[in-house]
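One-letter residues, chain by chain:
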Amino acid sequence: MPKRVDHQERRAQIAEALIQVAGRRGLHAVGMRDVAAEAGVSLRLVQYYFETKEKLLFYGLRYLTDRFTARVGARLAAAGPDPGPRATVEALLLASLPTDSESRTFHLLYSSYAILSVTDEALAAQPFIDNPDAAENALTGLLEQAQETGLADPGADARTEAISLLAMAATMGTSILVGQRSPESAIAVLHHHLDRIFTTAGTSGRGAGSS
């Protein structure tokens, strides 16, 4: 009896191969033949599942985003059953910094996708991500929650702070990639700004999960 093929598993295998090759060579330099070789499958099979390189790249972005979500979830799980808004904000921000091999690949490729979508017509015709404001909205909500419970500066503009934190994390992530600063110094800068936001009566609001 022929072995039943798990199509979702096969797509994930190919997407993982895309990420591995792109992490070594750069997203712009990856072809479907390269991905097939990395995955140990035929070019015809990659084309069967994705038809074009653009469709493969778009699926790879979704796969990369799912990996990031799982990474954030693991940080939150390590922070305990009720991490609170500060630890949750930290989990979102620190998971995006390239502090190890997996997060380095994530930051490199996610940045590459953003740049490629500006010039690639096929990628530009689709939304870069389903909800480009998701992270901003999530951080804004967490900061507002902290303000309502007296854990953050009530005078701060939650939306502006969320935008600033995300921009800061993205920029410092790139500075880590190019060797301008160490992961430790980038984390220290983020903690400095979080201490400024999550403070009441002049005391630090640093919560569980800080690292």
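Residues numbered from 1 in each chain as written. Predicted model: local features only at pLDDT ≥ 70, side-chain atom pairs only at ≥ 80, totals over all residues. Heavy atoms only, no water.

## Some points on the overall build of the protein chain
Point 1. The helix and strand tally for the protein chain stands at ten helices and two strands.
Point 2. Relative to its full complement of 211 residues, the protein chain shows a buried share of 37%.
Point 3. Across the protein chain, contacts joining residues at least 24 apart in sequence account for 65% of those joining residues at least 6 apart.
Point 4. Just so you have it, the protein chain exposes about 11400 Å², and 55% of that area is on carbon and sulfur atoms. (Helix = DSSP H or I, 4+ residues; strand = E, 2+ residues; numbered from the N terminus. Buried < 20%, exposed > 50% of the residue type's maximum accessible area, 1.4 Å probe, protein only. Contact = heavy atoms within 4.5 Å. Areas by Shrake-Rupley, 256 points an atom, 1.4 Å probe, with all protein chains shown as cover.)

## Describing the packing of aromatic side chains
Point 1. Taken as a whole and judged by the stated rule, the model has four aromatic pairs.
Point 2. Both rings, one in Phe 50 and one in Tyr 59, keep their centres 5.2 Å apart while their planes meet at 55°; by these two values the pair is tilted. (Phe/Tyr/Trp six-rings, centres within 6.5 Å; stacked < 30°, edge-to-face > 60°.)

## So, the confidence of the model for the protein chain
In low-pLDDT regions, the fine details of the predicted coordinates are not to be read closely.
Point 1. Per-residue pLDDT for the protein chain has a mean of 86; in total, 87% of the residues score no lower than 70.
Point 2. Every residue in residues 207–211 is under pLDDT 50, and counting partners more than four places away or in other chains gives 13 contacts. (pLDDT = per-residue confidence, 0-100.)

## Some points on helix α1 (residues 7–25)
Each full turn of the α-helix corresponds to 3.6 residues, which orients residues three or four apart in the same direction.
Point 1. For α1, with 19 residues, the first-to-last C-alpha span of 27 Å sits near the 27 Å given by 1.5 Å per residue.
Point 2. Here α1 has its buried residues at Ile 14, Ala 15, Ala 17, Leu 18, Ile 19, Val 21 and Ala 22.
Point 3. For α1, the side-chain oxygen to backbone nitrogen distance between the N-cap and Gln 8 is 3.1 Å, and the N-cap itself is Asp 6. (Expected span 1.5 Å × (residues − 1). Polar contact = N/O pair within 3.5 Å; in protein donor to acceptor, adjacent residues only side chain to side chain.)

## Description of the nonpolar core
Across soluble globular proteins, nonpolar side chains show a tendency to be buried alongside one another.
Point 1. Within the largest apolar cluster, 31 residues are counted, with the highest numbers of intra-cluster contacts made by Leu 18, Val 46 and Leu 56.
Point 2. Contributing elements (two or more residues each) for this core: α1, α2 (32–39), α3 (43–50), α4 (53–78), α5 (84–96) and α6 (101–119).
Point 3. Ranked by the residues each element gives to this core, the list is headed by α4, at eight residues.
Point 4. In contact with Leu 18, not counting residues within four places along its chain, are Leu 27, Val 30, Val 35, Leu 56, Leu 57, Gly 60 and Tyr 113. (Core = buried A, V, L, I, M, F, W, Y, C linked by side-chain atoms within 4.5 Å.)

## Details of the packing of helix α8 (residues 134–148) against helix α9 (residues 158–177)
Point 1. Contact geometry for α8 and α9: axes closest at 8 Å, N-to-C directions at 130°. Judged by the inter-axis angle, α8 sits oblique to α9. As for how α8 packs across α9, the hand of that crossing is right-handed. Between α8, through Ala 135, Glu 136, Asn 137, Leu 139, Thr 140, Leu 143, Glu 144 and Gln 147, and α9, the contact on the second element is made entirely by Ala 158, Arg 159, Glu 161, Ala 162, Ile 163, Leu 165 and Leu 166. (Axes fitted to C-alpha atoms, helices over the stretch in contact; angles between N-to-C directions. Parallel < 35°, antiparallel > 145°, perpendicular 65-115°, else oblique. Left-handed = near helix turned anticlockwise from the far one by under 90°.)

## Observations concerning the environment of Met 172
Point 1. Tracing the sequence through the fold places Met 172 in helix α9.
Point 2. Spatially, the C-alpha atom of Met 172 lies 9.0 Å from that of Ile 187, the residues being 15 residues apart in sequence.

## Remarks on the environment of His 191
Point 1. With respect to the helices and strands, His 191 occurs in helix α10 (residues 183–197).
Point 2. Expressed as a C-alpha distance, the spacing of His 191 and Glu 90, which sit 101 residues apart in the sequence, is 8.4 Å.

## Concerning the pattern of salt bridges
Point 1. Inspection of every chain in the model, using the stated rule, returns eleven salt bridges.
Point 2. Among the salt bridges present, the one from Arg 67 reaches Glu 16, with a minimum N-O distance of 2.4 Å. Residue Arg 67 is located in helix α4, and its partner Glu 16 is located in helix α1; the two are separated by 51 residues in the primary sequence.
Point 3. In this structure, Arg 196 and Glu 161 form a salt bridge, with 3.0 Å as the shortest nitrogen-oxygen distance. Placement of Arg 196 in helix α10 and of Glu 161 in helix α9 is noted, with a sequence separation of 35 residues between them.
Point 4. Take Arg 196: its relative accessible area is 40%, and that puts it in the partly exposed class.
Point 5. For Glu 161, a relative accessible area of 13% gives the class buried.
Point 6. Salt bridges linked by common partners bring Glu 16, Arg 67, Arg 71, Asp 100 and Glu 102 together as one network. (Salt bridge = Lys/Arg side-chain N within 4 Å of Asp/Glu carboxyl O.)

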